[in-house]
Amino acid sequence: MMAFAHDPRRRQILSAGGGLLLSAVLLRTARAADEVEIALSGTANGSEVWFRPRAILIQPGQTVRWVNRDKGNVHTTTAYHPDNGKPLRIPAQAKSWNSDYLMPGESFAMTFDVPGVYDYYCIPHEHAGMVGRLIVGTADAASPPYADTDAQLPPAALNALPAIGDILRQKAVP
Ligand SMILES: [Cu+2]
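Below, the structure is looked at part by part. In this text the structure is predicted, and so the values were computed from the model without any measurement.

Along the chain, Ala128 turns up in the loop between β7 (116–121) and β8 (131–136). Residues within four places of Ala128 in sequence aside, it is in contact with Val49 and Ala156.

Okay, the sheet that holds strand β4 (residues 62–68) next. Pairing is mixed in the open sheet, where four strands are placed in the order β2-β1-β4-β6. Strands with a single pairing partner mark the edges of an open sheet, and in this sheet they are β2 (49–52) and β6 (107–112). Within the sheet, the average angular offset between the axes of one strand and its neighbour, ignoring direction, is 20 degrees. As paired elements, β4 and β6 share six bridges and run antiparallel to each other. Looking at β6, one finds that Trp66 is bridged to Phe108.

On to the environment of Ile56, then. Relative to the helices and strands, Ile56 resides in strand β3 (residues 55–58). In this structure, the C-alpha to C-alpha distance between Ile56 and Ile135, residues 79 residues apart in sequence, is 6.3 Å. For Ile56, the residues in contact, after removing those within four places along its chain, are Val36, Leu134, Lys171 and Ala172.

Another point: the nonpolar core. One finds Ile58, Val64, Tyr118, Tyr121, Val131, Leu134 and Ile135 to be the most contacted residues of the largest nonpolar core, which totals 35 residues. Residues contacting Leu134, with those up to four places away along its chain left out, are Ile56, Ile58, Val64, Phe112 and Tyr118.

So, on to the sheet that holds strand β5 (residues 78–79). Spatial ordering of the open sheet is given by β5-β7-β8-β3-β9, a layout of five strands whose pairing is mixed. Either end of the sheet is taken by a strand with one partner, and the two such strands are β5 and β9 (172–173). Sheet topology note: the β7/β8 ladder contains six bridges and is antiparallel. Residue pairing for β8: Tyr121 is matched across the bridge by Val131.

Calculation criteria
- Starting from 1, residues in each chain are numbered consecutively following that chain's sequence as written.
- In view of the model being predicted, local features appear only for residues whose pLDDT reaches at least 70, and side-chain atom pairs are presented and counted only at 80 or more, with totals across whole chains, interfaces and linings using the full set of residues.
- Strands here mean DSSP runs of E at least two residues long; helices mean DSSP runs of H or I at least four residues long; both are numbered from the N terminus.
- Residue pairs are scored as contacts if the distance between their C-beta atoms, which are placed from the backbone, is within 7 Å.
- When DSSP locates at least two bridges between a pair of strands, those strands are taken to pair.
- Here, axes are lines fitted to C-alpha atoms. For helices the fit covers the stretch in contact, and angles between N-to-C directions go from 0 to 180 degrees.
- By convention the nonpolar core is taken to be a set of buried residues drawn from Ala, Val, Leu, Ile, Met, Phe, Trp, Tyr and Cys and joined through C-beta atoms within 7 Å.
- For the exposure call, what matters is how many other C-beta atoms sit within 10 Å of a residue's own: 20 or more marks it buried, 12 or fewer exposed, and in between partly exposed, using C-beta atoms placed from the backbone.

That is the geometry; function is a separate question.
Structural data, given as structure tokens:
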């Protein structure tokens, strides 16, 4: 850099390029902050399946993109909601969702505005414990949400939902 300092024209070009690069980096950082990725994946033979991270804390207005990173298995991201034939385990004012079957490499995105706790599952793998939990904004760590419908979940699914306190502390639970 210092070797070019005596050449004003060259210095100008370098500085303009640097500015563009910086803008691109800032833009990418802003987008990344708004959108969070959750991978749908599992072992090659399908014996274990998961959402990674299994639970995250996001802020209202942020978007979650679920991406099927599995090479040989289909998955869904589906809200625990009466629209999907399940008990309500998302905030009452929030919109339900169901990605339907995502082929390897496909993704599904949702933006979350209503604060609270959201529980969701993968249709073919709920009984294998493939479930996830989002906290939007904040939640009460002292009282487990949706305890009144716990008995309607398969035991493996219920056991795989991280505690509110752990999510608030860790921000993301792998
Ligand atoms: Cu699945």
